[in-house]
Amino acid sequence: TPRRSPPPDIHSRKGGTPLVCLTAYTTPIARLVDPHCDVVLVGDSVGMVLHGLPTTLGVTLDMMIMHGQAVRRGLERALMVVDMPFGSYEESPDHAFRNAARLMAETGCAAVKLEGGEVIAETIRFLTGRGVPVMAHVGLTPQAVNTFGGYRVQGKGEDGERILRDAQAVAEAGAFAVVLEKMPEALARRITEELAVPTIGIGASPACDGQILVVDDVLGMFTDFRPKFVKRYAELGSGAEAAIGAYAADVRDRRFPAAEHVYATASRAGDVA
Ligand code: KIV
Ligand code: NA
């Protein structure tokens, strides 16, 4: 299948109709989001959302590859980006390239995303110069939760200058888009105005060139906590809870299986559905 060429497509959307982005971790969800999204991110949030991990720090490259392969099978048109997990890119540009190349080769993703600003800019330059399109991610970077000491809003007051410098550094290093996570609107607007590449916000106001959310948050499937920036468009979690409870009650009260779920005793050819 012909692939949309990633960076140019996304790049040209700067300041236009907002870019629509969601995460996906599985084939069925990838199929659902594909027709509606410009970018589908296989986020390392998968660790918390699907694997019950307390943070994203325990996510491995193998987990990202497995979920990336599943998502790839469900996409036809959206640009697929895969997160580089903690420990897979920080050590050196060479190490990052080796792992990014594995992600691209084994999942078929069009680009990778990694967290960090000035500190990681050299690595981004190394990757983008060698055929690996990079989406950057600044502001609240969840892989740094232990150095931030929590998931607080970033870039308040003076600290905003640091995040602006981070965003400029990764854009200058060649990132084709920059995720801005959890920061005040004024800062997100200023960064968006100053960068030539699109910004994609999560908890970063409508001033960004696009928006991203975790799909399980949007669907009401992941409800352990809800940051202020999440809008739930469905309550599938409570729907699932009710359905499972109804199934359990039906089995215990012998209402399920009912006559229509039962195969006839005589085995007729073709009676296989
Ligand atoms: O892992 C993730 O889901 C992300 C986001 C930007 C939503 O990095
Ligand atoms: Na992530």
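Above this text is the structure in question.
Bear in mind that the values here come from a model prediction, so they are computed numbers and not experimental data. (Residues numbered from 1 in each chain as written. Chains lettered and ligands numbered in written order. Predicted model: local features only at pLDDT ≥ 70, side-chain atom pairs only at ≥ 80, totals over all residues.)

J.: Quick question: what am I supposed to make of the pairing of strand β4 (residues 111-115) here?
T.: Strand residues, when the strand is regular, have side chains that alternate between the two faces of the sheet. Counting buried positions along β4 yields five of five residues, so the element is predominantly enclosed. Here β4 shows a buried face lined by A111, K113 and E115 and a second buried face lined by V112 and L114. When strand β3 (residues 79-83) meets β4, the two strands line up parallel, connected through three bridges. Its bridge partner lying in β4, V81 is registered against A111. Bridge count between β4 and strand β5 (residues 134-139): four bridges; the pairing is parallel. Of the residues in β5, the one forming a bridge with L114 is A136. Note that the unit made of β4, helix α6 (residues 118-128) and β5 has a crossover that is right-handed. (Buried ≥ 20, exposed ≤ 12 C-beta atoms within 10 Å, placed from the backbone. Helix = DSSP H or I, 4+ residues; strand = E, 2+ residues; numbered from the N terminus. Pairing = 2+ DSSP bridges. Right-handed = clockwise from strand over helix to strand, strands pointing away.)

J.: Just checking my understanding: could you explain the sheet that holds β3 for this structure?
T.: Picture the strands of a sheet paired through backbone hydrogen bonds; they go either parallel or antiparallel. Strand order in this closed barrel of eight strands is β1-β2-β3-β4-β5-β6-β7-β8, and the pairing throughout is parallel. Sheet twist, expressed as the mean angle between neighbouring strand axes with direction ignored, is 25°. Inspection of the sheet shows strand β6 (residues 177-181) paired to strand β7 (residues 199-202) by four bridges, in the parallel sense. Bridging from a neighbouring strand, V178 pairs with T199 of β7. Against the sheet, helix α9 (residues 185-194) engages β6 and β7, with an angle of about 165° to β7. (Axes fitted to C-alpha atoms, helices over the stretch in contact; angles between N-to-C directions. Contact = placed C-beta atoms within 7 Å.)

J.: In this structure, what is going on with the environment of A78? I would like to understand it.
T.: For A78, the location among the structural elements is in the loop between α4 (61-72) and β3. When the C-alpha atoms of A78 and C21 are compared, they prove to be 9.1 Å apart, with 57 residues separating the residues in sequence. For A78, the residues in contact, after removing those within four places along its chain, are D34, C37, D38, V39 and V40.

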